[in-house]
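Listed below are the residues making up each chain.
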Amino acid sequence: MRYIIYTLGCKVNQYETQAIETLLGEHGHRACAAGETADAVIVNTCAVTAEAGRKSRQAIHRLREENPNAIVAVSGCYSQLSPDTAEKLGADIIYGTADRVKLVETIERAVQTGEGGQSLDKPFERRIFEELPAGAVSGHTRALLKIQDGCVNFCTYCIIPYTRGRVRSLPPEIAAKQASELEKKGYRELVITGIEIASYGVDLEGKPDLADVVTEIATAAPNLRLRLGSLEPSIIDERFCARLAECGSVCRHFHLSLQSGCDETLKAMNRKYDTARFFKAVELLRRYFPGCGLTCDVIVGFPGESEENQQSTLAFLEKVGFSDAHIFPYSRRPGTPADKMENQLDRATKAKRAKQAKAVAERTRTAYLESAVGTTLPVLFETEENGAWQGHSDTYVLVRAEGENLRGELRDVYITGVSGEILVGKIIDSAK
């Protein structure tokens, strides 16, 4: 069977896509080469915002039209939430956010018989973590390991708890075993991901936390550098930072879920911290991981957000000095409390505020890049372009350097300059 797989959304979706690819490969199936006809098309959907839902619908419709004779299977958060729409768009097989092994078996059967179907459950009734093979999406040099699923934070703008259900965690010993296996396969970096990894372990016996599982992974796979997925600021305290620093292999990059730099807006979002707690987390990370990259997500134009609230957010972005920030105008998501809030802002206002926030983010990113000139950064090289190789530093900045056949190699690079959003440097060591 030849297949096409298309992924939307977060690193968890990327992880689940590579798991589906691994399962398909174990069954003797392969991805379509250029010009080949697909027997099956798989769309791994996203529903985190209304825009993500629109892109998911668009992808299902387009791939159905482009592959009229293929079986079209959809999975992920959007199909969990809106299976009827997925069916109307031409999906033959509809799964949600569970049972990927069964999904692969259903696709195989449908290719043989032409019979599709649906398999959806109730996310909040799930109690067991779905263990899947860890690895990398085709063509990637870093591997992904999902250690947690589900979320019960119930932020007022977010639909994900309703599509993913309660918190479920992968036991530490299994996470460590999978990491060790990935190290043996030659991967140099592991991204530890989940829907809300700060809540890791609350469902497990003994309640091991994120620092515990990261420590166990680092011990089992000492040659893997470890990169953490998005973190809630409330988990970052003295013990957490000390444990991670002791590992010696945790990347100096932390993506923190900010969402707003205004306490009033954070409260309306039902976030579990204020800006003072967030800044304390920033100070701790910079003390234990000097020079670390700090990135964040920010939603502007939230319902009821005043101009004064917006200015508070801009001032906080400046105060923290993020190495990068992903700015999103608020997108209404039916089914969430925020969608029903009064004082929804118009599109023009949200666009204006997003532009203002992006301008601040660009300034702080430039300052961070310039601060790296004259330093040495470990870089995992990934791609070659115009005679030079590019890869990400441990601080998650793209770095370019000249060399031959560097794919998958981890090298120390002396940074000599900045070119746009990329650091430029010279390799100063041999392969590690």
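Residues numbered from 1 in each chain as written. Predicted model: local features only at pLDDT ≥ 70, side-chain atom pairs only at ≥ 80, totals over all residues. Heavy atoms only, no water.

Looking at this structure, I do not really get the pairing of strand β17 (residues 410-419). What am I missing?
Along any regular strand, the residues point their side chains to alternate faces of the sheet. Bridging between strand β14 (residues 376-385) and β17 involves five bridges; their strand directions are antiparallel. Looking across to β17, one finds that L377 is bridged to V413. For β17 and strand β18 (residues 422-427), the ladder comprises six bridges, and the chain directions are antiparallel. Opposite V413, over in β18, you have I427 as the bridge partner. Counting the residues that bridge the hairpin from β17 to β18 gives two residues, and of these G420 lies at a positive phi of roughly 65°. (Pairing = 2+ DSSP bridges. Helix = DSSP H or I, 4+ residues; strand = E, 2+ residues; numbered from the N terminus.)

Explain the layout of surface pockets here, please?
Sizing a probe to match a water molecule and rolling it over the atoms shows the empty space that remains. Approximately 260 Å³ is the volume found for the second largest pocket. Looking at the second largest pocket, it is lined by 17 residues, and the ones nearest its centre are R225, G248, S249, V250 and D394. (1 Å grid on protein atoms, 1.4 Å probe; cavity = no way out; pocket = protein on both sides within 12 Å on 5 of 7 lines; lining within 4 Å. Points joined across faces, edges and corners; volume = space filled by probe spheres on them.)

What exactly am I supposed to notice about the state of the cysteines here?
What is meant by a disulfide is a covalent connection between two cysteines, made through their sulfur atoms. Here the structure, examined in full by the defined rule, presents zero disulfides. Free cysteine: C151, not disulfide-bonded; nearest cysteine sulfur from C155 at 6.3 Å. Unpaired in terms of disulfides, C155 finds its nearest cysteine sulfur in C158, a separation of 6.2 Å. The buried category is assigned to C155, whose relative accessible area is 9%. (Disulfide = S-S within 2.5 Å. Buried < 20%, exposed > 50% of the residue type's maximum accessible area, 1.4 Å probe, protein only.)

Where do I start with the sheet that holds strand β11 (residues 253-259) in this structure?
Working definition: the strands of a sheet are paired by backbone hydrogen bonds and lie parallel or antiparallel to each other. Across the sheet, three strands lie side by side as β11-β12-β13; this open sheet has parallel pairing. Each of the sheet's edge strands pairs with one partner strand only, and the pair in question is β11 and β13 (324-329). Strand-to-strand twist across the sheet, computed as the mean angle between neighbouring axes with direction ignored, equals 15°. In the sheet, strand β12 (residues 293-300) pairs with β13 via six bridges, with the strands oriented parallel. Paired with T295 across the two strands is D324, which belongs to β13. Where helix α11 (residues 275-288) meets the sheet, it contacts β11 and β12, and its direction lies at approximately 175° from that of β11. (Axes fitted to C-alpha atoms, helices over the stretch in contact; angles between N-to-C directions. Contact = heavy atoms within 4.5 Å.)

I'm lost on the nonpolar core in this one. Help?
The nonpolar side chains of soluble globular proteins are, as a tendency, buried together. By size, the foremost hydrophobic cluster in this structure holds 80 residues, and its most contacted members are L190 and F254. Apart from residues no more than four positions distant in its own chain, F254 is found in contact with L228, L231, L244, L285, F289, C292, G293, L294 and T295. (Core = buried A, V, L, I, M, F, W, Y, C linked by side-chain atoms within 4.5 Å.)

Could you clarify how one ought to interpret the sheet that holds β18 in this entry?
Here five strands make up a closed barrel; going around it, the order is β14-β15-β16-β18-β17 and the pairing mixed. Taken over all neighbouring pairs, the strand axes of this sheet differ in orientation by 50° on average, direction set aside.

Help me out: how do you make sense of the pairing of β12 in this one?
The element β12 is largely enclosed, with a buried count of eight among its eight residues. Burial along β12 is two-sided: the face carrying G293, T295, D297 and I299 and the face carrying L294, C296, V298 and V300 are both buried. Sheet analysis places β11 next to β12, joined by five bridges and oriented parallel. Paired with F254 across the strands is L294, a residue of β12. Regarding the hand of the β-α-β motif, the stretch spanning β12, helix α12 (residues 307-320) and β13 is right-handed. (Right-handed = clockwise from strand over helix to strand, strands pointing away.)

What am I meant to see in helix α7 (residues 172-184) here?
Two residues of an α-helix separated by three or four positions point the same way, owing to the 3.6 residues in each turn. Counted at 1.5 Å a residue, the expected span for α7 with its 13 residues is 18 Å, and the 18 Å between its end C-alpha atoms agrees. Buried residues in α7 make contact with β7 (143-149), β9 (189-194) and α8 (210-220). At the exit of α7 stands G186, carrying a positive phi of roughly 105°. (Expected span 1.5 Å × (residues − 1).)

Please explain the pattern of salt bridges as it appears in this structure.
Two side chains that carry opposite charge are able to pair once their charged atoms sit near each other. For the coordinates displayed, the defined rule picks out 30 salt bridges. Between E66 and R62 there is a salt bridge, with the nearest N and O atoms lying 3.3 Å from each other. Placement of the pair is E66 and R62 together in helix α2 (residues 50-66), with a separation of four residues, close to one helical turn. A salt bridge links D209 to R239, with the shortest nitrogen-to-oxygen separation between them at 2.8 Å. Here the residue D209 occupies a position in the loop between β9 and α8, and R239 occupies one in helix α9 (residues 238-247), the gap between them amounting to 30 residues. (Salt bridge = Lys/Arg side-chain N within 4 Å of Asp/Glu carboxyl O.)

Mind showing me how you'd approach α8 here?
Every buried residue of α8 is listed here: L210, A211, V213, V214, I217 and A218. When α8 is viewed along its axis, its buried side chains cluster within an angular range of 165° and face the same direction. On the buried face of α8, the contacting elements are β7, α7, β9, β10 (225-228) and α9. (Arc of directions from axis to C-beta.)

For this particular structure, what's the right way to read the packing of aromatic side chains?
For any pair of aromatic rings, the description consists of the separation of the ring centres together with the inter-plane angle of the planes. Counting across every chain of the model gives nine aromatic pairs. Ring centres of F124 and F154 lie 6.0 Å apart, and the angle between their planes is 10°; on these two criteria the pair is classed as stacked. In this pair, F124 sits in the loop between β6 (117-119) and β7 while F154 sits in the loop between β7 and α6 (160-164), placing the two residues 30 residues apart along the sequence. Seen from their ring centres, F278 and F316 are 5.7 Å apart, and the 70° between their planes marks the pair as edge-to-face. Within this pair, whereas F278 is found in helix α11, its partner F316 is found in helix α12, the two being separated by 38 residues in sequence. Judged by its relative accessible area of 6%, F316 is buried. Connected via pairs of aromatic rings, a cluster forms that spans Y273, F278, F279, F316 and F322. Between the NZ or CZ atom of R62 and the centre of the ring of Y6, over which it lies, the distance is 5.3 Å. Above the face of the F279 ring, K319 is positioned so that its terminal group lies 4.3 Å from the ring centre. (Phe/Tyr/Trp six-rings, centres within 6.5 Å; stacked < 30°, edge-to-face > 60°. Lys NZ or Arg CZ within 6 Å of the ring centre and 35° of its normal.)

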